[in-house]
Amino acid sequence: MRIPCPLCGPRDLREFTYRGAAEALERPAADAPPEAWDRLLHLRDNPAGRTRDLWYHDCCGSWLVVERCTVTHRVFSARPAGEVADAG
Amino acid sequence: MRYSGLRVLVEGLRGNRGWRPAWHRPEPKDAYDMVVIGGGGHGLSTAYYLARNHGVKSVAVLEKGWLGSGNIGRNTTIVRANYFLPGNSEFYSHSLKLWEGLESALNYNVMHSQRGLINLFHSDGQRDAFARRGNAMINQGDDAILLDPDGVREHLPWLDFENVRFPIYGGLLHPRGGTARHDAVAWGYARAASRLGVDIIENCEVTGIRVEGGKAKAVTTSLGEIAAKKVAIVVAGRSSEVAAMAGLTLPIESHVLQAFVTEGLKPCIDHVVSFGMGHFYISQSDKGGLVFGGDIDFYASYAARGNLPMAEHVMEAAMTLMPMIGRARVLRSWGGIMDMSPDGSPIIDRTPVEGLYLNCGWNYGGFKAVPASGWCLAHLMATGESHEVARRFRLDRFATGHLLDEEGTGSQHNLH
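A quick note: this is a predicted structure, and the numbers were derived from the prediction, not measured. Sequence order as written defines the numbering, with residues in each chain counted from 1. To label them, take the chains in the order written and letter them from A, then take the ligands in the order written and number them from 1. Only residues with pLDDT of at least 70 get local features here, since the model is predicted, and only at 80 or more are side-chain atom pairs given and counted; chain-wide, interface and lining totals rely on the full set of residues.

Chemist: Sorry if this is basic, but what is going on with the overall build of chain B here?
Modeler: Secondary structure is summarised from DSSP: a helix means a run of H or I of at least four residues, a strand means a run of E of at least two, and numbering begins at the N terminus for each. Helix and strand counts for chain B come out as eleven helices and 18 strands. Atoms counted for the radius of gyration: C-alpha only. Globule rule: 2.2 Å times residue count to the power 0.38. By the compact-globule yardstick of 22 Å for 416 residues, chain B fits well, its C-alpha radius of gyration being 21 Å. For chain B, the C-alpha atoms occupy an extent of roughly 65 × 65 × 40 Å along the three principal directions. For chain B, buried positions account for 52% of its 416 residues. Any pair of residues counts as being in contact when their C-beta atoms, constructed from backbone geometry, are within 7 Å of one another. Sequence-distant contacts in chain B: of pairs separated by 6 or more residues, those separated by 24 or more amount to 74%. Counting other C-beta atoms within 10 Å of its own, a residue is labelled buried from 20 upward, exposed at 12 or fewer, and partly exposed in the gap between, with every C-beta atom placed from the backbone.

Spelled out as structure tokens, the structure:
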């Protein structure tokens, strides 16, 4: 598995750390009810197929949203997490 | 047909012509009292205990592939009861006791071998942690012996004791820990359940769960619709997909865990051994292969194969711990799909859908739990009450904060 880092180009899986589903970017407001935090921390759609998750590139320090397939391990895209979060 | 030594002798003299299939292969009926989705170890043991402990007459197990084709045939076969937290400790203790009587209960040789489990430690801090864990095991009524380096040397003289980076400070011996033949566990439960009238239906994939008025009514399958008063989802690895058929979102992320086996060797590793400074565990099968594994690959995956970095990591841990393994050739590797829960502990509970039950979230410790898991789910389905040793495996514990985080690594699915 190789991930196309937007800053460094395609790099080996060994350089990256998986940080869970990209749902983590949709952080509830501080006064959100407990169910919203349960949803953020624990519940997962966990699809067999296309998914979006967060990866940290240990080399350049970028946080990425990686779109990939959980069945074939094919990687479709990797975008800076900041851009994805700003785009909502 | 009851299996016995005499039977083997008689069949041997008669040219082995009298053996019959171990379980029936019936066509599915239109309706059952209880339907168990998933013909793995947990599903089969659930069905068996529903019939044996609770006298439920109408039970079906639906398996999408062939019996034993999932994780029950893809694990490293370790059986142990060395948990620490209340909630886990009594459950795995119960499971080990069931293992000890399993072969006579099932009339099937599952090759349960209590060869002893040794968890190695490599620092003073780790020694303290293992001493504490050993005390917890003894308090639970199980066994644990803290070994110093000489004590470990008596059992495992071939370890690299003076390793510069990770010298061995000792080990925690769990004498009743060991292994079992994983396929035989599935076959033994299937045969015993079938003898009690459970319908085991292979090649029957569940494609939907019909819910009406908040109540589970039936499952739709590749062989047609099957009505059921109660339905259990026992499909670890695919739990999220099946639960989604009933509109549920689970606190589960699926991950791939790799395992490896070498060519067959003469007996050299008598115990189950785990390395304390890298996730690595090894035992030797009765066929002679060294069976070992390490961590999950760390990213969500449904591919029943892993990537090279974790394979390399496991091999490095093996070489650090026991340089002699460098001479062995790896025969094959494989991957299994794990239900990773946010606290590393499983779920055996009812769901918000009436009549629908859930058994999932076994992380990578499901094999040893097979007997107690089925025992407790059957108890819940038949009596409506959680079994006392599984009462903390609740689905809502994440929302309420009653987590069972044995390793203390926090609410991240891949860190357990």
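Chemist: Looking at this structure, how should I read the domain arrangement of chain B?
Modeler: How big an interface is tends to be reported as the loss of accessible area on association of its parts. Residue and element names in this part refer to chain B. Source of the domain bounds: an automatic or database domain assignment. You can read the domains of chain B as domain 1 (25–81 + 84–106 + 182–250 + 343–415) and domain 2 (117–177 + 253–340). Of note, the centres of domain 1 and domain 2, computed from C-alpha atoms alone, are 27 Å apart. With 25 residues of domain 1 at the interface, the matching set in domain 2 holds 28 residues. With four residues, the top contributor of residues to the side of domain 1 that touches domain 2 is helix H3 (residues 89–100). Charged means Asp, Glu, Lys or Arg here, nonpolar means Ala, Val, Leu, Ile, Met, Phe, Trp, Tyr, Cys or Pro, and polar covers whatever is left, Gly included. Here the residues of the side of domain 1 that touches domain 2 are counted per class, giving nine nonpolar, 13 polar and three charged.

Chemist: Would you explain the environment of B:Thr207 in this entry?
Modeler: Residues and elements named next belong to chain B. Its location among the elements puts Thr-207 in strand S9 (residues 206–212). A tally of 12 C-beta atoms within 10 Å means that Thr-207 is categorised as exposed. Considered as a pair, Thr-207 and Thr-221 are 14 residues apart in the sequence and their alpha carbons are 5.2 Å apart. Those residues in contact with Thr-207 that lie beyond four places of it in its chain are Thr-220, Thr-221 and Ser-222.

Chemist: I would appreciate a short explanation of the sheet that holds strand S14 (residues 280–284) of chain B in the present structure.
Modeler: Strand pairing in a sheet relies on backbone hydrogen bonds, with the paired strands running either antiparallel or parallel. Residue and element names in this part refer to chain B. For two strands to pair, DSSP has to find at least two bridges joining them. Pairing in this open sheet of eight strands is mixed, and the strands run S5-S6-S4-S13-S14-S15-S12-S16 from one edge to the other. The two strands at the open ends of the sheet, each matched to only one other strand, are strand S5 (145–147) and strand S16 (330–340). If you compare each strand with its neighbour and ignore which way they point, the axes differ by 20 degrees on average. Taken together, the three bridges between strand S13 (residues 272–275) and S14 define a ladder with antiparallel strand orientation. Of the residues in S14, the one forming a bridge with Ser-274 is Tyr-281. Contacting strand S4 (117–121), S5 and strand S6 (170–174), helix H5 (residues 124–139) runs over the sheet at an angle of about 15 degrees to S6. All axes here are fitted lines through C-alpha atoms, helices being fitted over the stretch that makes contact, and every angle between N-to-C directions spans 0 to 180 degrees. Lying over the sheet, helix H9 (residues 308–321) contacts strand S12 (253–264), S13, S14, strand S15 (289–300) and S16, oriented at roughly 135 degrees with respect to S15.

Chemist: Help me out: how do you make sense of helix H7 (residues 182–195) of chain B in this one?
Modeler: Because each turn of an α-helix spans 3.6 residues, side chains separated by three or four positions end up pointing in the same direction. All names here are of chain B. Every helix has an expected span of 1.5 Å times one less than the residues it contains. In this model H7 runs 20 Å from its N-terminal to its C-terminal C-alpha over 14 residues, within 8% of the 20 Å that 1.5 Å per residue would give. Among the residues of H7, His-182, Val-185, Ala-186, Trp-187, Gly-188, Tyr-189, Ala-190, Arg-191, Ala-192, Ala-193 and Ser-194 are the ones counted as buried. Tucked into the core, H7 has its buried residues touching helix H2 (41–54), helix H4 (102–106), strand S8 (199–201) and helix H10 (370–383). Two residues or fewer past H7, Gly-197 is found with a positive phi of approximately 95 degrees.

Chemist: When you look at the interface of chain A and chain B in this model, what are you seeing that I'm missing?
Modeler: Each partner contributes residues to the interface: chain A has 21 residues there, and chain B has 22 residues. For the side of chain A that touches chain B, the secondary structure elements donating two or more residues are strand S3 (16–21), helix H1 (34–41) and strand S4 (50–57) of chain A. Here the side of chain A that touches chain B takes four residues from H1(A), the largest share from any one element. Of the residues in the side of chain A that touches chain B, the class split is eight nonpolar, seven polar and six charged.

Chemist: Explain unusual backbone geometry to me, please; I cannot follow it from the model alone.
Modeler: In terms of backbone geometry, most residues other than glycine have negative phi values and most peptide bonds are trans. Residue and element names in this part refer to chain B. Even without being glycine, Met-111 reaches a positive phi, approximately 55 degrees. Structurally, Met-111 is set in the loop between H4 and S4. Of the residues examined, Met-111 has 18 C-beta atoms within 10 Å and is grouped as partly exposed. The backbone of Phe-298 shows a phi angle near 85 degrees, a positive value even though the residue is not glycine. Summarising the element assignment, Phe-298 is placed in strand S15.

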